[in-house]
Amino acid sequence: MEKPAEVRAVLVPVDTIHLQEPDTLFLGEFRSLEITLYPFRLYVPDFRLGRVVVYDSLGRPLQVIGRPGFDEPGALRRPVRMLSHHSMLYVEESGSRITRFTSAGRFLDRPRFPEGYLLQFGLRGLDAGRLVVPSIALAEPCSDWFKPACPETRSISVVDTGLSQVLYRFGQYPRMYLEGNYIGRFARVDVQEESRMAAVVYAQASELQFYALGDTSARLLRRVALQHPAWRDPPQEMSGDLLVNDRDRFNELLLQSSSMEGVYFAGDTLVLAYFYNRKPSFFERPGRSDADVVPYGIIVGVSGTWQQALELPGPVLGRDEAFHLYIRLSDEPDRRLIGRFRVAVRR
C-alpha cells in the first residue's frame, strides 16, 4: 500500500561487508555491484583491472571471472556493470560490448546487438526470456545526441536474452530534452519483475517515469517531478558541440548541475532515485573517487503521490532481489566497506 505523506522513510543498516584484498587479489576501481541471493554472491566488476571478482557474504573472495584483454575469449575491456540472469552472467564493458559467462564463470560468447542499435549501460531482467536495456535506435527521429530529442525518440529496448532481437522500445525523454540540446541523455532503468513495472530516470532531468511492461509494448503509467533541495538543473544547454569545442566550459556546467546516476526498487511500492553533485576536485585527477561527489537520494511511492529526500552515506552501487540497497561506505584499499541497507517507512 502507498504510504501517506505523514510517514517518513529511513535508511536502516542491515550489515557491513568488508571486501578482503589479499596480496594476490586487490581491487582497482568499481562503480557498481551485482548481488544474488541463495547463495549470496557479490559480483564486483573491476573497471581498472579488467575482471569480475566474486565475494561471499563475509567479504571473502571466491572467484575471479575474466581477465584484462581485448578480443580473446574471456578477456574484458573495462567492465562497468553486470547482470546475473537465469544462470547466465552478462558483463557490460566500455565500448558498448557485452561478454557472457555461465554462472560458474566459464566464457560463453559476445552477443551482438542488432545493427542500427547502440547499447548503453544497465541491463535488467524482465523474465526468463527477455531483458531490458537502455539503448539508442539510429533509425528513430532525433537519435543524434548532438541535437534535441523528439517525442518519438525512445531510450530503452526490450530484447531477447541473446540480444539478437529488439522486441519493442519504450522510454520517453523528459520535456527538457525536447526543448533544449543536452548530450547527457543516458537513461537508467530498474525492473520489478513480479509486477513487470519499470522505473526510469535520465541523467540531467529531475523526473522519474513508471512503465507497465507488456509482451509487445510498454504503457507509460506516470511521470513524477522529483524534488530535492540539493538538485541542480543545468544552468544552460549542454550540447555535444559544446563538449567538443569548449570542454572547460562544459565541465564548469557539469559542476553546476546534478547527475542522476541510478534508480532502484527499494520495496514493492518504493523506488529510490539516486543522484550526486560533483565537487571541484572531480576533474583534478584521473578515475572516479567517492570523495569527489556528494550523493543524494529521493524515495518515491510508485503511485507518484508521495516522495521524500533520503540521506545517503555513500554512492549506491546496486540492490538485491530482497530490495536491500548496497552502498559504499569506504573505498580505501584494504578497507573497502559495503553497507547493506533496507528502506523502512515509519510514523
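Basis of the calculations
- Residues numbered from 1 in each chain as written.
- Predicted model: local features only at pLDDT ≥ 70, side-chain atom pairs only at ≥ 80, totals over all residues.
- Heavy atoms only, no water.
- Buried < 20%, exposed > 50% of the residue type's maximum accessible area, 1.4 Å probe, protein only.
- Helix = DSSP H or I, 4+ residues; strand = E, 2+ residues; numbered from the N terminus.
- Arc of directions from axis to C-beta.
- Contact = heavy atoms within 4.5 Å.
- Pairing = 2+ DSSP bridges.
- Axes fitted to C-alpha atoms, helices over the stretch in contact; angles between N-to-C directions.

Asks: Any chance you could explain helix α3 (residues 247-255) here in plain terms?
Replies: Think of an α-helix as turning once every 3.6 residues; residues three or four places apart then point the same way. For α3, the complete set of buried residues consists of Phe-250, Asn-251, Leu-253 and Leu-254. Buried residues of α3, seen end-on, are gathered within an arc of 155° and therefore sit on one face of the element.

Asks: Please explain the environment of Gly-304 as it appears in this structure.
Replies: Of note, Gly-304 is situated in the loop between β23 (293-301) and β24 (307-310). Between the alpha carbons of Gly-304 and Ser-206 there is a distance of 14 Å; along the sequence they are 98 residues apart. Ignoring any residue separated from it by four or fewer positions in sequence, one finds Gly-304 in contact with Arg-222 and Val-224.

Asks: What is the right way to look at the sheet that holds strand β25 (residues 316-319) in this model?
Replies: Through backbone hydrogen bonds, the strands of a sheet pair up, either in parallel or in antiparallel fashion. Taken in spatial order, the four strands of this open sheet run β1-β27-β26-β25, and their pairing is antiparallel. At either end of the open sheet lies a strand with only one pairing partner, and these are β1 (8-19) and β25. The sheet shows a mean angle of 30° between the axes of neighbouring strands, direction not considered. Relative to strand β27 (residues 335-346), β1 runs antiparallel, the two being bridged by eleven bridges. Directly across from Arg-8, in β27, lies its bridge partner Arg-346.

Asks: Would you mind going over the pairing of strand β13 (residues 124-127) with me for this structure?
Replies: The two faces of the sheet receive side chains in turn, since in a regular strand these alternate between them. Note: β13 against strand β14 (residues 130-137), three bridges, orientation antiparallel. From the neighbouring strand, Gly-125 faces β14, where its bridge partner is Leu-131. Between β13 and β14, which pair antiparallel one after the other, the connecting turn spans two residues.

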